[in-house]
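Analysis of the macromolecular model
Chain residues, written in single-letter form:
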Amino acid sequence: MSTLSSPKASEPRRKRSRAESDCTMQSEDAFSRDGRFWYDDGNIIIIAQGIGFRVFKGLLAAESDVFRDMFTLAKPAPDLSRELVPDDCPVVHVTDTAAEIRSLLAMLLGGRQYMRRVKFEFDDVANCMRLAHKYGIQDLVEDSLEELKRYFPEDFESWEKSLVCDQLTKAITAVNLARLTNSLSILPAALYRCCLLSGKQLLEGRVYMGALVDALSSEDLARCIDGTAKLCTLNVRSAQELFAPLENADCVVSGGRCNASIATIRSEWVEGIRRGSCDVLDSWGQIICSYDRKKKPKPTSPLCGSCISLLKHRDVEIRKRVWSNLPEILELKESVEEAMPQDDT
Ligand SMILES: [Zn+2]
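Residues numbered from 1 in each chain as written. Predicted model: local features only at pLDDT ≥ 70, side-chain atom pairs only at ≥ 80, totals over all residues. Heavy atoms only, no water.

**Notes on the nonpolar core**
One finds Ile46, Phe71, Phe152 and Cys194 to be the most contacted residues of the largest nonpolar core, which totals 70 residues. Apart from the residues lying within four places of it in its own chain, the contact partners of Phe71 are Ile44, Ile46, Lys57, Leu60, Ala61 and Val92. Grouped together as the second largest cluster of nonpolar side chains are 19 residues, Cys258, Trp284, Ile308 and Ile318 included. (Core = buried A, V, L, I, M, F, W, Y, C linked by side-chain atoms within 4.5 Å. Buried < 20%, exposed > 50% of the residue type's maximum accessible area, 1.4 Å probe, protein only. Contact = heavy atoms within 4.5 Å.)

The structure is reproduced here in structure tokens:
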């Protein structure tokens, strides 16, 4: 079986280096023990990239029909590795990476509550999702998706407290996993994060572990290029709307001084938005609070607490609207909109 086939133009690209391919070929002859998953009483050895994982046939076969069928094709260990294993422990070769197999085994052999408790790293979750899909372990695909939603949520409230990946290019991996497993509800957030990447990052894709490349399909790449332009325009428009004059009967400062401050802030920020900056979902909350008239030293454009509250509310409302328009901005098909939870507001 193979995870690799010639990518069609419309498919995400996931490539492996020559060194890695060579490694896979050598693994037909010899392998070394994995440092973590080698149980002396294990009864099957899975070999990935020349690393052997000695585990329990029954446990994996119970989780996955694909594993069960694969184990019926297991062969005796190659002569070169005879000293490592007894005769009754057959081997199977897989085309996955050793890291992917390690992530999957950690999840399957560690118990299903493990993911929630331990908080797996993004790449472990991604590996699990990819392999759970390949090996037909649907509930693990769903568990992995729930974890991915912590980074790429499907509703605005969750977006406000979502985690940001340490490498922004991980959004590319998330898009490709969403496509692979038809988990379309995370696509708007994941593609939005892709729009924040540089052109070079988008074109080159995400390189990780020195060999693997996750790159967007040409269709998703086009969505990001067009989406970035639209989001940039929207970012300027949203800032103009945010810092439009307030009608606030509860303003505690006389003489319209808060609105004068807002006008100054508006001209400073709207002009100051960096050309090409499209992070329109980024909150203005902290910036708005920095103009609090009670701050010391007093800001040059001070705002009263009541006006600050109104501006912060406006900021949330504007960004909520942008969020609900993401499927349209990113030209995602109707099916994605159906997959998104409906926003009450
Ligand atoms: Zn005021």
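**Overview of empty space enclosed by the protein**
Under the counting rule described, the total for this entry stands at one cavity of 30 Å³ or more. Taken as a whole, the largest cavity encloses approximately 40 Å³ of empty space. Lining the largest cavity are Asn235, Ser238, Ala239, Leu242, Val280, Trp284, Asp315, Ile318 and Arg319. Those elements giving two or more residues to the lining of the largest cavity turn out to be α12 (218-242) and α15 (305-329). No other element matches α12, which puts four residues into the lining of the largest cavity. (1 Å grid on protein atoms, 1.4 Å probe; cavity = no way out; pocket = protein on both sides within 12 Å on 5 of 7 lines; lining within 4 Å. Points joined across faces, edges and corners; volume = space filled by probe spheres on them. Helix = DSSP H or I, 4+ residues; strand = E, 2+ residues; numbered from the N terminus.)

**Brief notes about the pattern of salt bridges**
Under the definition given, this model contains 20 salt bridges. The salt bridge involving Arg130 is made with Glu100; its shortest N-O contact spans 2.9 Å. Here Arg130 is found in helix α6 (residues 122-134), whereas its partner Glu100 is found in helix α4 (residues 98-110), with 30 residues between them in sequence. Among the ionic pairs, Arg206 bridges to Asp123, the shortest N-O distance being 2.9 Å. With Arg206 in strand β6 (residues 206-208) and Asp123 in helix α6, this residue pair connects regions lying 83 residues apart in the sequence. (Salt bridge = Lys/Arg side-chain N within 4 Å of Asp/Glu carboxyl O.)

**Description of the coordination of the zinc ion**
In the first shell of the zinc ion, the protein supplies Cys251 (SG), Cys258 (SG), Cys304 (SG) and Cys307 (SG), at 2.3 to 2.4 Å from the metal. Between the four donor atoms coordinating the zinc ion, the angles at the centre fall across 105 to 115 degrees, so the site counts as tetrahedral. Written as a sequence motif, the donor residues of the zinc ion are C-x6-C-x45-C-x2-C. Note that Cys258 is positioned in helix α13 (residues 257-272) and Cys307 in helix α15, a separation of 49 residues in sequence. As far as the burial class goes, Cys258 and Cys307 line up, both buried. (Donors = N, O, S within 2.8 Å, 3.2 Å for Na, K, Ca; no water. Tetrahedral: all angles 85-135°; square planar, octahedral: opposite > 155°, others 65-115°.)

**What about the pairing of strand β7 (residues 212-215)?**
Of the two faces of β7, the one holding Leu212 and Asp214 and the one holding Val213 and Ala215 are both buried throughout. The pairing of β6 with β7 spans three bridges and is classified as antiparallel. When the bridges of β7 are listed, Arg206 appears paired with Asp214. (Pairing = 2+ DSSP bridges.)

**Focus on the state of the cysteines**
Under the definition given, this model contains zero disulfides. The thiol sulfur of Cys224 is not disulfide-bonded, and the nearest other cysteine sulfur, from Cys195, lies at 4.4 Å. (Disulfide = S-S within 2.5 Å.)

**Comments concerning a positive patch on the surface**
Taken together, the side chains of Arg257, Arg293, Lys294 and Lys298 present a region of like positive charge at the surface. Considering the arrangement of structural elements, one finds Arg293 in the loop between α14 (285-289) and α15. (Patch = residues over 30% accessible without salt bridge, like charges linked within 9 Å, V, L, I, M, F, W, Y side chains within 5 Å. Areas by Shrake-Rupley, 256 points an atom, 1.4 Å probe, with all protein chains shown as cover. Lys, Arg positive; Asp, Glu negative; His and termini not counted. Charge placed at Lys NZ, Arg CZ, Asp CG, Glu CD.)

Don't take any of this as a statement about function, it's just geometry.
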